[in-house]
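If you want the building blocks of each chain, they are given just below.
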Amino acid sequence: MSKKNEEYDFKWCPGCGDFGVRRALEMAMIDRLEETGLPIENNVVVAGIGCSGNLVHLLEGSQPYGFHGIHGRSLPISLGVKMARPELNVVVVAGDGDFLSIGGEHIGPQAARNLNVCAVIMDNGVYGLTKGQSSPTTKLGEITSSTPFGKIESQLNPLELYLTLGVSFIASGFSGQVRPLAKLITQGMEHKGFSIVHVQSPCTTYNDTFELLKGNVQKGIEPGLWEVPEDHDTSDKGAAQQLLQQGGVPVGVLYDDTFRPSMDQQVEQMWARAEPKTVQELVDAFEF
Amino acid sequence: MEMRDFVVRFAGEGGQGVVTSAEGLAQAATQVGYHALTFATFPSQILGGPTWTQARIAVDAILSPGDDVDVLVAFNQDAYDEHNSEVRDEGVIIFNSNEFQLEGDSRGFGLPFDELARSTGNNRAANMVIIGALAHLVDMPQRYLEEFVSKRFTRGRSGDEEIIRSNIEAMTLGRDHISESGLALGALAAPNPPDFAQIMLKGNEALALGALAGGLDFYVGYPISPATTILIYMERNLVGEGKFAHQVSSEIESITAILGAGFAGKKAMTATAGPGFSLMSEGLGLGWIAEIPLVVVDVQRGGPATGLPTKTEQSDLMACMFPAHGDVRMPVIAVGTVEECFYGAIKALTWSERYQGPVILMTEMSLAERVQNIAKPDLSQVEDRRRQVYEGTNGYHRYAGLELSPMPIPGNPGAYVANGSEHDDMGDTTHLASRHIQMTERRFGKLKLLEEDEYERDNVEESIAIMPWGGSKGPALEAYNQLKASGVPVGWYYTMYLNPLPPKLLEELKKKDLVIVPELNYQGQFASILRSQGVKAEAITQYTGLPFKVRDLVKRVTEVTEAVRKEAAGV
Ligand SMILES: Cc1ncc(C[n+]2csc(CCOP(=O)(O)OP(=O)(O)O)c2C)c(N)n1
Ligand code: SF4
Ligand SMILES: [Mg+2]
């Protein structure tokens, strides 16, 4: 919503990482607008359910279309939007719980289809909106409201999962670095195929990881974030896998397959083989 | 004795040609001007397994698969054991004497289908041997058969002539063999061919074709019996610029993808059966609250969970009308004939566009697989009706007021958030009571836009009426015709618009002393929905996995009407 809407009754907590992600997405959409000349209405933001999904209502400035659906289903909704109108720029925004837990079943199929949408995932390692339960990216042993004796499930590494599932563009970013994050989102949107920009976006209320990510010299905390080296070959899946062995949180593009055709491109190629019939011809075929 | 119709049941094992024989007979009969209707069951295993299909051939239009079997074609011993009791006493049982021998049944006649087919040089002509034999039983002239074969196999290929010759020879062999037995059923009256063009197809094909004629743009689905054939038809035929058909990974993907496509301005549809429909529950609620046009087809099968995947039932009505949590009452169209499959699909798309929301199109297994001849639809009479589209500038309040409002299409000015949370007029989430009141009333108010005028009515002055829904229409109408002819005082109503009901129909029904609803479920679901709207309705139920028999309906309706009349008379 472009102006303050009195009726809208959700607010992010002060310091929430999602503020930075929102800013970065706005920047990326404005950059796109300036670069392509396509109006803002050419963008559709499909949001998951969570604190993160509320981003779709909190965008400032000129407004894209939004679809704020149901928990875990932003990817298949985006499939419908994109394949209905391939000319649109479709962006998914969702949290770690939404995207990786309840909605996890949809990542593999979109990767296999190479659906041409860009998913911006706000990973805070917790269910924020439902007040602090454990999520797939919560650390093993962590105590949360739903794991009073420590989490017994191991922590998921989403970047490894995306690589394994064959997502064709994978980037990792941090909500505290807005400009660089905007650049990653732009690259994701420009990528022809399924792109995921996985963002560390800390929850200041239930899982404040800012210090762990940025480090604190006084307390002797090494920063968890590290830059993907400039000479990393993004077309090399093996190299991306190796980078991920280093632990911590890489920042930058890990993998970018520029060769695979996207789903809409494949569908268009398919038409050439299909020889469409008119409805009249189809009716006539049942005549006797 | 002159006959106006006869029923043949083909029974055997999957892969023996049971279905192709029945459909071949239906084709032969319609080709020369008779009417045909088949009723198919599926084997429960992939290869082999017991299966049967019934074909009814008649001079007049056909309403039901037929209660009694005149001829059983038994492909193996098991088929004979299973089905011979349904053959009437004066009926005939043609058994495959290449498979087994039958003694002690005076109705039986052994025909070596495969051997006779082979002798013509065409191994695939076994079903023609059978058709030839059947033609003899009902005294069908040879020239009809020859006409059918030459039409069917004239395909402009070099082998046509040889195929026609071998098929005619096969039919003649079947005819000659059985004529030696002295068995006969009587003479089928001459056909009365309609003076309009016809097509012959399955219910699911008619439904898919109707959707295409109605301007469908976008289809996704996940395989499930008995809805899979719609997916397969769409994948092949819903192609080209601006169109899309695809198999997705689950019914959750189906419903959410068509939500996305409906939001993006397309006419979008999916088809499923019970288990898949249950998975769509949350998505249907989203379509209702966010006001997104889409159509979900539920091809009903039997039972909850995996239930009876290959049987027919009408037990999803409550689930279809109230599929989701929150205050939701979905528009429902339930089709009752192959022809209605075609026109119902067009109407469902029109409704969804007209009121901007989900519409459930209900059909059932017995219709999905039924082959029937229907009048060829005149496409020039079919309109591709689309939603009201917003054409203004940005800053639109999409959900303002209590009335339907034009819908913006992404890519064009008028950006808003389609929201599954309760929202204000721009689509932003809110918990204000005033907004929840407004939006709830807005959503229910739009149902008024779907109120239709037309419905079937007959003998309207009677205080007791029969009103079936969906696929029970055929047997119920046939029963009604018999009751009417024998003077049982009962009226007839029928509509495929179950929600909202045509208001004039509802007014009429409310005045009746009793509305009898034949339906294939335990609870009497439609009767209970009618009662909730002030109609004195009682169900006649059946839950065998099979359609009603006309005879049973006649008996049960007669019993009910007599009981009511006795009660009224204070007996
Ligand atoms: C089907 C369903 N189940 C559960 C919920 C409740 N719910 C809302 S948001 C949420 C989790 C959100 O976590 P995440 O996706 O990580 O988003 P965050 O709030 O952390 O940004 C849950 C479980 C729901 N809305 N729908
Ligand atoms: S609970 Fe956490 S994720 Fe949600 S708004 Fe507050 S800080 Fe952000
Ligand atoms: Mg989270």
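Rules behind the numbers
- Residues numbered from 1 in each chain as written.
- Chains lettered and ligands numbered in written order.
- Predicted model: local features only at pLDDT ≥ 70, side-chain atom pairs only at ≥ 80, totals over all residues.
- Heavy atoms only, no water.
- Buried < 20%, exposed > 50% of the residue type's maximum accessible area, 1.4 Å probe, protein only.
- Helix = DSSP H or I, 4+ residues; strand = E, 2+ residues; numbered from the N terminus.
- Pairing = 2+ DSSP bridges.
- Phe/Tyr/Trp six-rings, centres within 6.5 Å; stacked < 30°, edge-to-face > 60°.
- Lys NZ or Arg CZ within 6 Å of the ring centre and 35° of its normal.
- Near = heavy atom within 4 Å.
- Nonpolar A, V, L, I, M, F, W, Y, C, P; charged D, E, K, R; others polar.
- Core = buried A, V, L, I, M, F, W, Y, C linked by side-chain atoms within 4.5 Å.
- Contact = heavy atoms within 4.5 Å.
- Buried area = accessible area lost by both parts, 1.4 Å probe.
- Salt bridge = Lys/Arg side-chain N within 4 Å of Asp/Glu carboxyl O.
- Polar contact = N/O pair within 3.5 Å; in protein donor to acceptor, adjacent residues only side chain to side chain.
- Areas by Shrake-Rupley, 256 points an atom, 1.4 Å probe, with all protein chains shown as cover.
- Donors = N, O, S within 2.8 Å, 3.2 Å for Na, K, Ca; no water.
- Right-handed = clockwise from strand over helix to strand, strands pointing away.
- 1 Å grid on protein atoms, 1.4 Å probe; cavity = no way out; pocket = protein on both sides within 12 Å on 5 of 7 lines; lining within 4 Å.
- Points joined across faces, edges and corners; volume = space filled by probe spheres on them.

Asks: When you look at the pairing of strand β3 (residues 89-95) of chain A in this model, what are you seeing that I'm missing?
Replies: Note on strand geometry: in a regular strand, side chains alternate between the two faces of the sheet. All names here are of chain A. With 7 of 7 residues buried, β3 lies mostly within the body of the structure. By the alternation rule, side chains of β3 split into N89, V91, V93 and G95 and V90, V92 and A94, which are all buried. Both strand β1 (residues 43-47) and β3 contribute to a ladder of 5 bridges, which runs parallel. Bridge pairing links V44 to V90 in β3. The pairing of β3 with strand β4 (residues 118-123) spans 5 bridges and is parallel. Residue V91 lies in a different strand from β4, and its bridge partner there is C118.

Asks: Could you clarify how one ought to interpret the packing of aromatic side chains in this entry?
Replies: Two aromatic rings are characterised by how far apart their centres lie and by the angle between their planes. Tallying each qualifying case throughout the model produces 19 aromatic pairs over all chains. With a centroid separation of 5.2 Å and an interplanar angle of 70 degrees, the aromatic rings of W288(B) and F444(B) are classed as edge-to-face. Of the two residues, W288(B) sits in helix α11 (residues 281-290) while F444(B) sits in helix α15 (residues 433-445), which places them 156 residues apart along the sequence. Under the relative-accessibility criterion, W288(B) is labelled buried at 4%. Ring-pair connections join several aromatic residues into one group, and the members of that group are Y65(A), F67(A), F263(B), Y399(B) and Y416(B). Above the ring of W52(B), the side-chain terminus of R9(B) is found at 3.9 Å from the ring centroid.

Asks: Just to check I follow, could you spell out the site of ligand 2 for this structure?
Replies: Close contacts around ligand 2 come from W12(A), C13(A), C16(A), C51(A), N124(A), C203(A), T204(A), T205(A) and Y206(A), and that covers them all. Classifying every residue of the shell around ligand 2 by side-chain character gives 6 nonpolar, 3 polar and no charged.

Asks: Explanation requested: the nonpolar core in the structure shown.
Replies: The nonpolar side chains of soluble globular proteins are, as a tendency, buried together. Counting 167 residues, the largest nonpolar core has F99(A), Y162(A), F194(A), Y219(B), I230(B), M234(B) and M269(B) as the members making the most contacts within it. With 9 residues, the single largest contributor to this core is helix α13 (residues 338-355) of chain B. When near neighbours in sequence (up to four residues on either side) are disregarded, Y219(B) contacts I230(B), L231(B), M234(B), L238(B), F244(B), A245(B), H246(B), M269(B), T270(B) and A271(B). Residues V129(B), M171(B), L188(B) and V371(B) belong to the second largest nonpolar core, which totals 54 residues.

Asks: Hey, could you run me through the interface of chain B and chain A in this one?
Replies: In many reports, interface size means the accessible area that the parts give up when they come together. Facing the 67 residues of chain B at the interface are 47 residues of chain A. For the pair chain B and chain A, the two sides together bury roughly 4800 Å², of which 63% comes from carbon and sulfur. Inspection of the chain B/chain A interface yields 4 salt bridges. With a closest N to O distance of 3.1 Å, E287(A) and K376(B) form a salt bridge. The interface formed by chain B and chain A holds 24 residue pairs in polar contact (both at pLDDT 80 or more) in total. At the level of elements, α1 (18-31), β9 (198-202), α7 (203-213), α8 (228-237), β11 (244-247), α9 (251-263), α11 and β17 (417-419) of chain B are the ones that each hand at least two residues to the side of chain B that touches chain A. Looking at the side of chain B that touches chain A, the element that brings in the most residues is α9(B), giving 8 residues. Its residues assigned to classes, the side of chain B that touches chain A comprises 32 nonpolar, 25 polar and 10 charged. Where strand β2 (residues 65-68) of chain A meets β17(B), 3 bridges bridge the pair, whose relative direction is parallel. Within the sheet, the bridge partner assigned to G66(A) lies in β17(B) and is V417(B).

Asks: So what exactly am I meant to see when it comes to the environment of N167(B) here?
Replies: Here N167(B) is to be found in helix α6 (residues 160-179). Taking the C-alpha atoms as reference points, N167(B) and K566(B), 399 residues apart in sequence, are found 60 Å from one another.

Asks: Could you clarify how one ought to interpret the pattern of salt bridges in this entry?
Replies: Side chains that carry opposite charge are capable of pairing whenever their charged atoms lie near each other. If you walk through the whole model with that rule in mind, you get 42 salt bridges over all chains. Across the pair D31(A) and R179(A) runs a salt bridge, and its minimum N-O distance is 3.3 Å. Here R179(A) lies in helix α7 (residues 178-190) and D31(A) lies in helix α1 (residues 18-36), a separation of 148 residues in the sequence. Judged by its relative accessible area of 25%, D31(A) falls in the partly exposed class. R179(A) sits in the partly exposed class, given a relative accessible area of 45%. We note a salt bridge from D384(B) to K267(B), for which the minimum N-O separation is 2.7 Å. Placement of D384(B) in the loop between β16 (371-375) and β17 and of K267(B) in the loop between α9 and β12 (268-272) is noted, with a sequence separation of 117 residues between them. Of the residues examined, D384(B) reaches a relative accessible area of 38% and is grouped as partly exposed.

Asks: Would you mind going over the site of ligand 1 with me for this structure?
Replies: Ligand 1 sits among 17 residues. The nearest are C51(A), S52(A), D96(A), G97(A) and D98(A). Looking at what sits near ligand 1, you find residues from chains A and B. At 3.0 Å, a backbone N or O of V126(A) approaches an oxygen atom of ligand 1. G128(A) is positioned with one of its backbone polar atoms (N or O) 2.9 Å from an oxygen atom of ligand 1. Isolated, ligand 1 exposes 580 Å² of accessible area, and the fraction of that covered by the protein chains is 77%. Per element, the largest residue contribution to the shell around ligand 1 is 4 residues, and it comes from helix α4 (residues 96-102) of chain A. For the shell around ligand 1, the class distribution of residues is 6 nonpolar, 8 polar and 3 charged.

Asks: When you look at the coordination of the magnesium ion (ligand 3) in this model, what are you seeing that I'm missing?
Replies: Angles between donor atoms at a metal ideally measure 109.5 degrees for a four-coordinate tetrahedral arrangement and either 90 or 180 degrees for a six-coordinate octahedral one. Residues and elements named next belong to chain A. Binding of the magnesium ion (ligand 3) to the protein goes through D96 (OD), N124 (OD1) and V126 (O), at separations of 2.0 to 2.2 Å. Every donor residue of the magnesium ion (ligand 3) comes from the same chain, spaced as D-x27-N-x1-V. With a gap of 30 residues between them, D96 in helix α4 and V126 in the loop between β4 and α6 (158-165) connect regions that are remote in the sequence. Overall, the relative accessible area of 4% leaves V126 in the buried class.

Asks: Even after reading the chapter, I still don't get the pairing of strand β10 (residues 218-221) of chain B, so can you show me in this structure?
Replies: Residue and element names in this part refer to chain B. Neither face of β10 is left uncovered, since the one carrying F218 and V220 and the one carrying Y219 and G221 both have all their residues buried. Across 4 bridges, the pairing between β10 and β11 is parallel. If you follow G221 over to β11, its bridge partner there is Q247. Note on the crossover from β10 through α8 to β11: the handedness is right-handed. Note: β10 against β12, 2 bridges, orientation parallel. Bridged to Y219 within β12 is M269.

Asks: What exactly am I supposed to notice about empty space enclosed by the protein here?
Replies: The gaps left among the atoms become clear once a water-sized probe is rolled over them. Residues and elements named next belong to chain B. Enumeration over the complete set of coordinates arrives at 4 cavities of 30 Å³ or more. Around the largest cavity, the lining residues are F6, L25, A28, A29, I131, L134, A135, V138, M140 and L145. Of all the secondary-structure elements, those providing two or more residues to the lining of the largest cavity are α1 and α4 (126-137). The residue inventory of the lining of the largest cavity, partitioned by class, reads 10 nonpolar, no polar and no charged.

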